[in-house]
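Structural features, examined
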Amino acid sequence: MSLSNEEVRHIAWLARLGVTDAEVERFREDLSVILEHFRALEELDTNSVPAAAHASLLHNVLRDDVQAASLPSDEVLANAPDSEDSLFRVPPILE
Amino acid sequence: MSGDQLHTLSIHAARKLLHSRELSAHELTEACLERVDQVELRLRALLTVCADSALAQADEADRELATGDAAPLTGIPFIAKDLLCTRGIRTTCGSRILEGFVPPYDATVIERLLRQHAIMLAKANMDEFAMGSSTEHSAYFPTHNPWNLDCVPGGSSGGSAAALAADEALFSLGSDTGGSIRQPAGFCGVVGLKPTYGRVSRYGLVAFASSLDQVGPFAKDVEDCALVMNAISGQCPHDSTSAPVAVPDFATFLTGDVRGLKIGVPREYFIEGMQPEVRRSVEEAIALLERMGASVHRDVSLPSTKYALAAYYIIAPSEASANLARYDGVKYGFARRLATTEESVNATRGEGFGQEVKRRIMLGTYALSSGYYDAYYLKAQKVRHLISEEFKRAFAEYDVLAMPTSPTVAFELGAKTNDPMQMYLSDVFTLPVNIAGIPALSLPCGFAGGLPVGLQLMADRFREDLLLKVGHAYEQATEWHLQRPSL
């Protein structure tokens, strides 16, 4: 299971992960080796097996729609790299 | 007990002295802080030491103890893995991308411990975002195994395990997604428990793989482990995956009596490539339990075991790729600001994340991407069902399953960092437990070349009582838990 550099760059773009050329090459090798190990799963016949998204027995855990206290906004903004009034400030999204 | 030995106390021994007022929380906390000063430069287990707040908490604890009505963990110093949010105290998750992050809230487990006036001494080092098995992937520095400083403490909760083995506190907290409590517990010669999925709240535990993560205790003995479990377990309104299952008093199961209990020994956990001394120590432990009256059954097979590694390394990175999407330099943490948001996000994540984290995010992104979802993620979820069903059938026959925690003892720093697959293989015995959501315990059962060997016990969902009962009985018939590294 061999990935191409182009595929690796595409995955990095999907994940919004900046990668250098050297990293692309290294990840290409690493991921190819790891993906090869996953082929073992093809040995298993899972046609009539249900998918288990988690190991919990709970479903649709709900609470009453009642208003409760949230974190104060000044505490939430305290960690922000850049903020203005009660907003997080970011560089332009559209050029 | 002399002042310079106080840090070696267990919780249950310290509690007696605190409640009888022979010892103050202040003295105990000072003793642990002195121990930290003594060993930290060699160990590097801690990222943040909270000396001032710890001493203030100790004074509060002493006031509580004076009333005669104090909760069980009052005045007991502990260390928390830096994956747990602690209000007002820097929380890095072992990553540069959260270098200056100060959470505005406490994780539920932290809140419950502080409410009992336990004393938070420090935040422990870890593999970045809990991705690793040696703590070498911390963005800050590696932690050293107190039994041999050239060796790893295990991971990802390596700091929590090493700190406790070195008596820097009386208990510590870790998290376990694929073995990150049990494997370091085994490598460092302490008790480590991964509770049933849903037994302990994940609120405030920075998410790695939401269907696998659990918070759990490291302790010096099984009784201490039970005491911490009493404090941290139970449903939490902030964690919808926490189970509405009653929390027993875990200390009541420590009877020392294992007669009539059935122990299954699955053959898939005694493979070629295991270190011979590990096999020997674990076999001797199982033989001792048999002499104590448990029945041991070796015709147990869990054929799906060999698929657990692949299933885990699809499920966990897939979930991680979603959980780590929030680190974008917008609301908190490190931010590299460029001309546009897209460039900024790419650069922030490119610079802020380490190699192992990037590798897993990419693996997960790939497995979930269009065209590959069915072959990888969906397939792995079906394998999860098979693994869970296999354990369910085994627990219909046996009370606990016994096996080694790891195929080897702690390896040398740098030995596995060049080959990701080699590192992943060190978790083969621990991964299946997380996939099935069942609880498992690691406790010391011997030494090989001066390094601890871990015995692992597994039980059915919400049967931590059986793990503690069997573990405690074995422990009290041996002296492994009384050994200390010479630091």
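Use the structure listed above.
All of the points below concern the structure found in this document. Source: prediction; values computed, not measured.

1. Overview of the overall build of chain B
Within chain B one finds 15 helices and 11 strands. A compact globule built from 487 residues would reach a C-alpha radius of gyration of about 23 Å, and chain B, at 21 Å, matches this within 12%. When contacts within chain B are restricted to residue pairs at least 6 apart in sequence, long-range pairs at least 24 apart make up 76% of them.

2. A short note on the environment of Pro404(B)
Residue and element names in this part refer to chain B. If you trace the backbone, Pro404 turns up in strand S9 (residues 400-404). Measuring from C-alpha to C-alpha, the distance between Pro404 and Met274 comes to 9.3 Å, with 130 residues separating the pair along the chain. Those residues in contact with Pro404 that lie beyond four places of it in its chain are Tyr269, Met274, Val278, Val282, Phe429, Gly454, Leu455 and Gln456.

3. Observations regarding the sheet that holds strand S11 (residues 451-458) of chain B
Residues and elements named next belong to chain B. Ordered in space as S1-S3-S2-S4-S6-S5-S10-S11-S9-S7-S8, the 11 strands form an open sheet in which the pairing is mixed. Each of the sheet's edge strands pairs with one partner strand only, and the pair in question is strand S1 (46-49) and strand S8 (295-300). When strand polarity is set aside, the average angle formed by the axes of neighbouring strands in this sheet is 30°. Across 3 bridges, S1 lies against strand S3 (residues 119-124) in antiparallel orientation. Bridge assignment links Thr48 to a residue of S3, and that residue is Lys123.

4. Concerning helix H5 (residues 158-165) of chain B
All names here are of chain B. Of all 8 residues in H5, 8 are buried; the element is thus mostly enclosed. Considered for burial, the residues of H5 that qualify are Gly158, Gly159, Ser160, Ala161, Ala162, Ala163, Leu164 and Ala165. Where H5 terminates, the next one or two residues include Asp167, which has phi positive at roughly 60°.

5. What to know about the packing of helix H1 (residues 5-14) of chain A against helix H11 (residues 355-368) of chain B
Look at H1(A) against H11(B): their axes get within 9 Å of each other, and the N-to-C directions meet at 95°. Of the possible angle classes, the one that applies to H1(A) and H11(B) is roughly perpendicular. Contacts from Ile11(A), Ala12(A) and Leu14(A) of H1(A) reach H11(B) at Met362(B), Thr365(B) and Tyr366(B). Residues of the contact of H1(A) with H11(B), tallied by class, amount to 5 nonpolar, 1 polar and no charged.

6. Section: the nonpolar core
With 174 residues, the main nonpolar core has Phe78(B), Ala311(B) and Val400(B) as its most contacted residues. Look past the residues within four positions of Ala311(B) in its chain and what remains in contact with it is Leu41(A), Ala380(B), Val383(B), Arg384(B), Ile387(B) and Ile435(B).

7. Things to note about the pairing of strand S6 (residues 214-219) of chain B
All names here are of chain B. Across the 6 residues of S6, 6 count as buried, placing the element largely inside the fold. Note that strand S4 (residues 171-176) and S6 share 6 bridges and pair antiparallel. Across the sheet, the residue bridging to Phe171 is Ala219, located in S6. One ladder, built from 2 bridges, connects strand S5 (residues 191-194) with S6; its direction is antiparallel. What sits directly across from Gly192, in S6, is Phe218.

Reading the values: the criteria
Residues numbered from 1 in each chain as written. Chains lettered and ligands numbered in written order. Predicted model: local features only at pLDDT ≥ 70, side-chain atom pairs only at ≥ 80, totals over all residues. Helix = DSSP H or I, 4+ residues; strand = E, 2+ residues; numbered from the N terminus. Rg over C-alpha atoms; globule rule 2.2 N^0.38 Å. Contact = placed C-beta atoms within 7 Å. Pairing = 2+ DSSP bridges. Axes fitted to C-alpha atoms, helices over the stretch in contact; angles between N-to-C directions. Buried ≥ 20, exposed ≤ 12 C-beta atoms within 10 Å, placed from the backbone. Parallel < 35°, antiparallel > 145°, perpendicular 65-115°, else oblique. Nonpolar A, V, L, I, M, F, W, Y, C, P; charged D, E, K, R; others polar. Core = buried A, V, L, I, M, F, W, Y, C linked by C-beta atoms within 7 Å.

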